[in-house]
Amino acid sequence: MTNTEPAPATEAQARETTAKKDGPAVIEVRNPGTGEVVGTVPDETADAVAAKVRELRLYQPEWEAIGPEGRKVWLLKFQDWLIDNTDRLATVLQSETAKPRVDALIDPGFATDLIGYYARRAAKFLADDHPSPHSPLARVKRLTTVYRPYPVVGVITPWNFPLAMPVMDVFPALSAGAAVILKPSEVTPLSALELAKGWAEIGAPPVFAVVTGAGATGAAVVGNADYIQFTGSTATGRKIAAACVERMVPYSLELGGKDPAIVLADADLERAAHGIAFGGMFNSGQVCISVERVYVEAPVYDEFVAKLTANVKALRQGLDGRDSKYDVGALANENQVAIVQRHVEEAVAAGAKVLTGGKRAGFGTAFEPTVLVDVDHSMSCVTEETFGPTLPVMKVADESEAVRLANDSVYGLSASVWTGDKERGERIARQLNAGAVNINDVFANLFSYALPMGGWGLSGVGARWGGANGVRKYCRQQAITTPIL
Ligand code: NAD
């Protein structure tokens with residue numbers, strides 16, 4: 001293995017914390033496209049987090065007692081609220097991310113769909129199991145497995161999808177009957193605060209709270225909640241796992257990735273080039289399942305690279321308003337720019353060629369969509385998570401070399417295989433070390449909540465979703481035996 005573990009994440013540099021005489025310090029939230037301060041939020045103390053968790057504990061038993069059908073009513077009311085507020089929510093989200101309008105609209109749309117999925121299915125997912133008796137002793141008993149929620153689930157989220165990311169874990173946990181404390185990223189807390197406002201606005205029971213702040217606030221959530229659902233960098237995930245083990249509290253970690261795309265000679269190259277350009281550049285490459293490296297079979301390498309470069313060059317980059325004009329916006333903060341820049345510069349210094357992009361885009365924290373060739377596994381752009389708009393492309397002799405190199409990573413989040421033969425694609429998928437593999441597509445698994453979304457290796461521990469498991473993971477299992485006679 002040529003890869004190294006990821007460097008520890010520096011705490012988000014976009015924020016500025018100002019100590020105030022009375023009350024908590026505040027964090028300034030900036031639009032990364034303009035640098036403008038668009039809001040301030042409290043940097044909540046550990047005491048404030050502990051108090052909030054205590055309060056949630058008071059209301060959770062009632063929430064559990066109304067059962068999945070009772071909770072469904074509130075979840076569907078909240079879904080209506082999301083639909084009614086989609087446009088406004090997209091504007092808030094755009095202000096703290098500088099995303100193109102069409103991308104900003106994805107978060108509330110995705111959230112609406114996901115909430116409906118869990119609201120309607122939770123009763124089925126949480127139904128008792130009655131396993132068949134398997135021994136003479138058990139045969140005289142009725143066996144029951146009951147799923148009962150952890151009282152308070154702590155959800156900690158990153159900045160790349162400020163509304164969808166919280167929703168994808170908060171609502172499965174709420175539908176399980178848990179109360180939820182959410183700690184969104186300090187870089188993009190405004191959208192998450194809107195969720196809390198909406199929950200209060202519909203008059204739902206106070207079993208969902210948002211606390212804002214940086215790493216210390218997150219650590220306080222880890223120190224007080226009964227189950228931790230974390231999404232973010234591998235470096236932070238490692239700290240959270242250690243803290244959870246210390247408290248003997250269960251956790252699920254959704255971490256970084258370095259997703260490979262394998263383009264075989266029998267692929268529809270037009271489709272592959274288009275899909276991989278999208279998979280690498282959507283949200284400026286700031287998606288955990290972005291395509292981050294591409295392996296192309298030698299016979300089609302030149303043709304594919306030409307098509308990919310043309311697709312990437314065609315992307316329009318700029319600061320979008322309410323009317324969607326652009327495909328690519330800015331990166332989240334200077335921290336991200338520094339990583340992308342370093343990866344490109346180190347690659348070029350070691351002999352890589354930039355076919356398009358390769359530099360800052362001229363506004364805010366934007367970086368140009370970039371295609372790199374003549375790269376290899378000695379370069380940081382291939383071994384470390386970039387989380388930016390770069391596509392390093394490598395030529396491979398055949399399928400087996402592609403699989404070997406794709407698996408040469410400390411990460412294993414997702415992957416894609418591009419081929420004219422779907423059976424072959426599925427066969428290759430089973431050889432890849434990744435939590436998800438999409439054949440002739442990117443991101444498809446993200447829209448399939450019936451499937452688990454989890455990473456292998458340093459990409460995570462556990463998984464979100466996966467049908468019933470997505471709700472049952474927030475529950476303790478209880479075994480009940482009852483005499484039949
Ligand atoms: P990050 O790890 O810096 O921060 C994530 C969250 O953890 C933030 O809310 C932060 O305040 C909090 N935090 C920081 N230190 C903490 C501590 N000691 N205890 C508790 N909480 C703490 O990550 P980021 O830069 O916000 O997000 C980018 C990363 O997220 C990338 O690595 C990306 O791949 C990953 N990600 C993964 C998925 C997935 O589903 N696997 C999805 C999106 C993003």
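Look up: the structure comes first, before these words.
Residues numbered from 1 in each chain as written. Predicted model: local features only at pLDDT ≥ 70, side-chain atom pairs only at ≥ 80, totals over all residues. Heavy atoms only, no water.

So, about the overall build of the chain. A count of helices and strands for the chain gives 15 helices and 22 strands. Relative to its length of 485 residues, the chain is compact, with a C-alpha radius of gyration of 23 Å against a globular reference of 23 Å. Its C-alpha atoms put the chain at 75 × 65 × 40 Å along the principal axes. Here the chain, with 485 residues, has 58% of them falling under the buried criterion. Considering only contacts within the chain whose residues lie at least 6 apart along the sequence, 72% involve residues at least 24 apart. With the model as given, the accessible surface of the chain reaches about 19400 Å², and the carbon-plus-sulfur share is 54%. (Helix = DSSP H or I, 4+ residues; strand = E, 2+ residues; numbered from the N terminus. Rg over C-alpha atoms; globule rule 2.2 N^0.38 Å. Buried < 20%, exposed > 50% of the residue type's maximum accessible area, 1.4 Å probe, protein only. Contact = heavy atoms within 4.5 Å. Areas by Shrake-Rupley, 256 points an atom, 1.4 Å probe, with all protein chains shown as cover.)

A word on helix 2 (residues 67-97). For helix 2, with 31 residues, the first-to-last C-alpha span of 37 Å runs short of the 45 Å given by 1.5 Å per residue. Of all the bends in helix 2, the greatest measures close to 70° and is centred on Thr-86. Positioned one or two residues after helix 2, Ala-98 has a phi angle of 60°, which is positive. (Expected span 1.5 Å × (residues − 1). Bend = angle between axes of the 7 residues up to and from the residue.)

Before going further, it helps to examine the nonpolar core. Of all hydrophobic cores here, the largest spans 105 residues; its most connected members are Trp-199, Ile-228, Val-263, Ile-276, Val-294, Phe-304 and Val-393. By residue number, the principal contributor to this core is helix 3 (residues 101-125), which donates 10 residues. Setting aside chain neighbours within four positions, we find Val-263 in contact with Leu-269, Ala-272, Ile-276, Val-294, Tyr-295, Val-296, Glu-297, Phe-304 and Trp-418. In this structure, Tyr-295, Ala-352, Val-396 and Leu-432 belong to the second largest nonpolar core, which totals 26 residues. (Core = buried A, V, L, I, M, F, W, Y, C linked by side-chain atoms within 4.5 Å.)

Axis separation between helix 1 (residues 46-65) and helix 7 (residues 215-224) bottoms out at 9 Å; the angle between their running directions is 40°. It follows that helix 1 is oblique to helix 7 by the angle criterion. Two packed elements cross with a definite hand, and for helix 1 against helix 7 that hand is right-handed. From helix 1, Ala-46, Val-49, Ala-50, Val-53 and Arg-57 reach across to helix 7, where they touch Thr-217, Ala-220, Val-221 and Asn-224. By residue class, the composition of the contact of helix 1 with helix 7 is six nonpolar, two polar and one charged. (Axes fitted to C-alpha atoms, helices over the stretch in contact; angles between N-to-C directions. Parallel < 35°, antiparallel > 145°, perpendicular 65-115°, else oblique. Left-handed = near helix turned anticlockwise from the far one by under 90°. Nonpolar A, V, L, I, M, F, W, Y, C, P; charged D, E, K, R; others polar.)

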